[in-house]
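# Understanding the architecture of this molecule
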Amino acid sequence: MTEIIQLLMQIYVFVLAVFVGFELITKVPPTLHTPLMSGSNAISGITVIGALISAGLEEFTVTTILGMIALIFAQINVVGGFLVTDRMLKMFKNK
Amino acid sequence: MEILSYIVYLCASVLFILGIKKLGSPKTARKGNFLSSLGMLIAIVITLFDKHILSYEYIIVGLLTGSVIGVVFALKVPMTGMPQMVGLLNGFGGGASVLVALAEYYKFLNDNSLNITSTISIVISVFIGAVTFTGSLVAFGKLQGIVTGKVVKYPLQHPLNLLLIVSVLAGGVYFTLNSGMPELIIAIAAVSLLLGVFLVLPIGGADMPVAVSLLNSYSGLAASATGFVINNNMLIIAGALVGASGIILTLIMCKGMNRSLMNVVLGGWADAGSSSSGVGQSSIKGEVKSVDAEEAAMLFDAASNVVIVPGYGMAVAQAQHAIRDLMNVLEGRNINVRFAIHPVAGRMPGHMNVLLAEANVPYDKLYALEDINDDFNNVDIVLVIGANDVVNPAARHDKNSPIFGMPILNVDYAKTVIINKRSMNPGYAGIENELFYGNNSLMYFGDAKEAVAKLVQEIKTL
């Protein structure tokens, strides 16, 4: 029962966050659509948190090895995503 | 410590929201991206102190390897390679979600602590993550030219995909009830990986803006699903924001082509294009007039109001710098120059804007379709560079045209339209463009970069 309630609370959070996302993103002008995509992409690398916990288990198991590969993937996503977005945004200039 | 980490996760979630909010204006966008990355940093740092983390060797190896690869990717990629870069990074995010879900599964299995909600979350995370992973890799391959950018048809396409989806669903339900079977979740992952390939393979090059946006959305949803697996609200929030962002971009792209999402995903346009192109050809009347650099230069010299319409051809020819030179030389003669950007020009949302920004064209000269379309009557010259279907007037009036109803830039309303193209070959949709036969249309043949550079030279001599 407690698991179900926990799941429902998580769904609450998810639904509300989707609405916040819709509100924010409809205001982004077309000029910034590519940086929006690469920047939000970097945010989706938040999976790195899960990867850290898996990779940091005490003993070496399937979980740690999967966690480490996940960590590499997620970190590429995070670092590459934020940097490339910054590179693009640096170029956007007004007269 | 645990309480502190929850507080930091909350701060990180707020920073992500503020970061995306600041992406709403070019003036604050860079700061917004910084805030998001700050959120990510504090989240990572506090997690390193998590009580479950006891060994740091793999973490250090993973963090360093990933960071180095990420930095190299980000600094090496040329601006023209941005669509495939975004695709590739998306794929890594999806891949990470699959791996974390599997890692957690094995941990739960070891501790004997699997329950129904975590099992469901694991299945969803594996499924979305795997589809994102291979789908993004195929999209990357297509944009990079490793995999054909054409619409790929294979036998029993739709039944096959349906079969794969149904088997993932059935497998997922069975696994939820029998979660002690690692082979089953591996099989679900394998089928999902296959599905990612099959779903993206048929999508043609010009439909890539939709595919890339949709995969962007999936990568967010995958991250959210991982949040359900590890019971972390920050992941759920961050993933949901990205999921929403991808969906909105997808819908904007679909609207820009006047097509439904299903139609794009199933590759319907190419069908329509090939079947009715014959009809299109015969119905076009008029002759094609062409112009050389010298004549075009004289036309520009006499103009006072010019609009440039770039398309994917500009990206292919890397003509953005030559176009910037053209803008400068025209403005030097007190000619007003603006750019009209169609929502689906290029291979990803905002593709043209990034390339023109790279060439130092100020963003306030770039106009979206709805902001400039009523003004073409007052324009002396429209220069179309490497765009085709998005300026085809048939979309307005020819009910038989496959692109009928698609919003187009009304360039034919201008006094003169100069169209730079390499040849008379039809565009992506495989349809003839009646714009080329218009009374006020002039074709200016040649490679975009060379042709524009030549034009600049000619204008300078006047």
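Definitions and cut-offs
- Residues numbered from 1 in each chain as written.
- Chains lettered and ligands numbered in written order.
- Predicted model: local features only at pLDDT ≥ 70, side-chain atom pairs only at ≥ 80, totals over all residues.
- Heavy atoms only, no water.
- Phe/Tyr/Trp six-rings, centres within 6.5 Å; stacked < 30°, edge-to-face > 60°.
- Helix = DSSP H or I, 4+ residues; strand = E, 2+ residues; numbered from the N terminus.
- Buried < 20%, exposed > 50% of the residue type's maximum accessible area, 1.4 Å probe, protein only.
- Lys NZ or Arg CZ within 6 Å of the ring centre and 35° of its normal.
- Pairing = 2+ DSSP bridges.
- Axes fitted to C-alpha atoms, helices over the stretch in contact; angles between N-to-C directions.
- Contact = heavy atoms within 4.5 Å.
- Salt bridge = Lys/Arg side-chain N within 4 Å of Asp/Glu carboxyl O.
- Buried area = accessible area lost by both parts, 1.4 Å probe.
- Expected span 1.5 Å × (residues − 1).
- Polar contact = N/O pair within 3.5 Å; in protein donor to acceptor, adjacent residues only side chain to side chain.
- Left-handed = near helix turned anticlockwise from the far one by under 90°.
- Nonpolar A, V, L, I, M, F, W, Y, C, P; charged D, E, K, R; others polar.
- Patch = residues over 30% accessible without salt bridge, like charges linked within 9 Å, V, L, I, M, F, W, Y side chains within 5 Å.
- Areas by Shrake-Rupley, 256 points an atom, 1.4 Å probe, with all protein chains shown as cover.
- Domains from an automatic or database assignment.
- Core = buried A, V, L, I, M, F, W, Y, C linked by side-chain atoms within 4.5 Å.

## Examining the packing of aromatic side chains
Each aromatic ring pair is specified by the distance between its two centres and by the angle formed by the two planes. Tallied over the entire structure, the rule returns seven aromatic pairs over all chains. Considering the side-chain rings of tyrosine 154 of chain B and phenylalanine 198 of chain B, the 5.3 Å spacing of their centres and the 40° angle between planes classify their relative orientation as tilted. Residue tyrosine 154 of chain B is located in the loop between α5 (116–144) and α6 (157–177), and its partner phenylalanine 198 of chain B is located in helix α7 (residues 182–200); the two are separated by 44 residues in the primary sequence. Judged by its relative accessible area of 15%, tyrosine 154 of chain B falls in the buried class. Among the aromatic side chains, those forming a connected cluster through ring pairs are Phe73 of chain A together with Phe73, Phe92 and Phe133 of chain B. Over the face of the ring belonging to tyrosine 367 of chain B we find arginine 338 of chain B, whose NZ or CZ atom lies 5.6 Å from the ring centre. For the cation-ring pair, arginine 347 of chain B lies above tyrosine 312 of chain B, with the distance from its terminal atom to the ring centre recorded as 3.5 Å.

## Section: the sheet that holds strand β6 (residues 441–445) of chain B
Residue and element names in this part refer to chain B. With respect to topology, six strands assemble into an open sheet ordered β3-β2-β1-β4-β5-β6, the strand pairing being parallel. In this open sheet, the two strands that pair with only one neighbour each are β3 (366–368) and β6. Neighbouring strand axes in the sheet, compared pairwise and without regard to direction, differ in orientation by 25° on average. Packing against the sheet, helix α15 (residues 351–358) makes contact with β1 (305–310), β2 (336–341) and β3, and its axis sits at approximately 145° to β2.

## Some details on the pattern of salt bridges
Residues and elements named next belong to chain B. Scanning all chains against the criterion turns up eleven salt bridges over all chains. Across the pair lysine 415 and aspartate 380 runs a salt bridge whose closest N-O atoms are separated by 3.4 Å. Of this pair, lysine 415 sits in the loop between α17 (394–397) and β5 (416–421) while aspartate 380 sits in the loop between α16 (369–372) and β4 (381–385), and the two are 35 residues apart along the sequence. Residue lysine 415 is classed as exposed on the basis of its relative accessible area, which comes to 52%. Across the pair arginine 396 and aspartate 412 runs a salt bridge whose closest N-O atoms are separated by 2.5 Å. With arginine 396 in helix α17 and aspartate 412 in the loop between α17 and β5, this residue pair connects regions lying 16 residues apart in the sequence. Its relative accessible area of 31% is what places arginine 396 among the partly exposed residues.

## With respect to the interface of chain A and chain B
Taken residue by residue, the interface counts 82 residues in chain A and 110 residues in chain B. When the two sides are added together, the surface that chain A and chain B hide from each other amounts to roughly 8300 Å², 77% of it contributed by carbon and sulfur. It is Met37, Ile46 and Arg87 of chain A that lose the most area in chain A upon contact with chain B, and together they represent 8% of the buried surface on that side. For the pair chain A and chain B, the interface holds one salt bridge. Across the pair arginine 30 of chain B and aspartate 86 of chain A runs a salt bridge, and its minimum N-O distance is 2.8 Å.

## Focus on helix α9 (residues 233–257) of chain B
Residue and element names in this part refer to chain B. Taking 1.5 Å of rise per residue, 25 residues should cover 36 Å, and α9 covers 36 Å from first to last C-alpha, within 8% of that figure. Burial analysis of α9 places 20 of its 25 residues in the buried class, which makes it a mostly covered element. Structurally, the start of α9 carries an N-cap: the backbone nitrogen of methionine 234 is 2.8 Å from a side-chain oxygen of asparagine 232. Following α9 by one or two positions, asparagine 258 has its phi on the positive side, about 55°.

## Comments concerning the packing of α5 of chain B against α7 of chain B
Residue and element names in this part refer to chain B. Packing of α5 against α7 brings their axes to within 7 Å, and their N-to-C directions diverge by 35°. The handedness of the crossing between α5 and α7 is right-handed. Taking contact as the criterion, the partners of Ile122, Val123, Val126, Phe127, Ala130, Val131, Phe133, Thr134, Gly135, Val138, Ala139 and Lys142 in α5 are, on α7, Ile185, Ala189, Ser192, Leu193, Leu195, Gly196, Val197, Leu199 and Val200. Split into classes, the residues belonging to the contact of α5 with α7 amount to 16 nonpolar, four polar and one charged.

## Some words on a nonpolar patch on the surface
All names here are of chain B. On the surface, Met1, Ile3, Leu4, Ile7, Phe34, Leu38, Leu41, Val45 and Phe49 cluster together into a nonpolar patch covering about 910 Å² of accessible area. Those elements giving two or more residues to the nonpolar patch turn out to be α1 (2–22) and α2 (29–48). Of all the elements, α2 adds the most residues to the nonpolar patch, at four residues. Topologically, valine 45 is positioned in helix α2.

## A short note on the domain arrangement of chain B
All names here are of chain B. Segmenting chain B into domains produces domain 1 (77–266) and domain 2 (279–461). On a C-alpha basis, the centres of domain 1 and domain 2 stand 37 Å from each other. Every contact between the two is made by 21 residues of domain 1 and, on the other side, 19 residues of domain 2. Here domain 1 and domain 2 share an interface that buries about 1600 Å² over both sides, 72% of which is from carbon and sulfur atoms.

## Things to note about the environment of methionine 348 of chain B
Checked against the element boundaries, methionine 348 of chain B lands in the loop between β2 and α15. With relative accessibility at 0%, the residue methionine 348 of chain B sits in the buried group. The sequence separation of methionine 348 of chain B and tyrosine 444 of chain B amounts to 96 residues, and the corresponding C-alpha distance is 27 Å. Each residue touching methionine 348 of chain B, except ones within four places of it in the same chain, is listed here: Thr34 and Met37 of chain A together with Met82, Pro83, Val86 and Pro209 of chain B.

## A look at the nonpolar core
Soluble globular proteins tend to bury their nonpolar side chains together. All names here are of chain B. Counting residues in hydrophobic clusters, the biggest one holds 143 residues, and the most contacted among them are Leu326 and Phe339. In terms of residue count, the dominant contributor to this core is helix α4 (residues 82–111) (16 residues). Here this core gathers at least three residues from each of two domains, domain 1 (77–266) and domain 2 (279–461). When residues no more than four places from it in sequence are discounted, the contact partners of leucine 326 are Ile308, Leu383, Val452, Leu455, Val456 and Ile459. Formed by 33 residues, the second largest nonpolar core is a distinct cluster that contains Val210, Cys254, Leu409 and Ile419.

## Concerning unusual backbone geometry
All names here are of chain B. Positive phi values are uncommon outside glycine, yet asparagine 231 reaches one of about 55°. Note that asparagine 231 resides in the loop between α8 (208–229) and α9. The partly exposed category is assigned to asparagine 231, whose relative accessible area is 36%. Positive phi outside glycine occurs at glutamine 318, with the angle close to 55°. Note on placement: glutamine 318 falls in the loop between α13 (312–317) and α14 (320–332).

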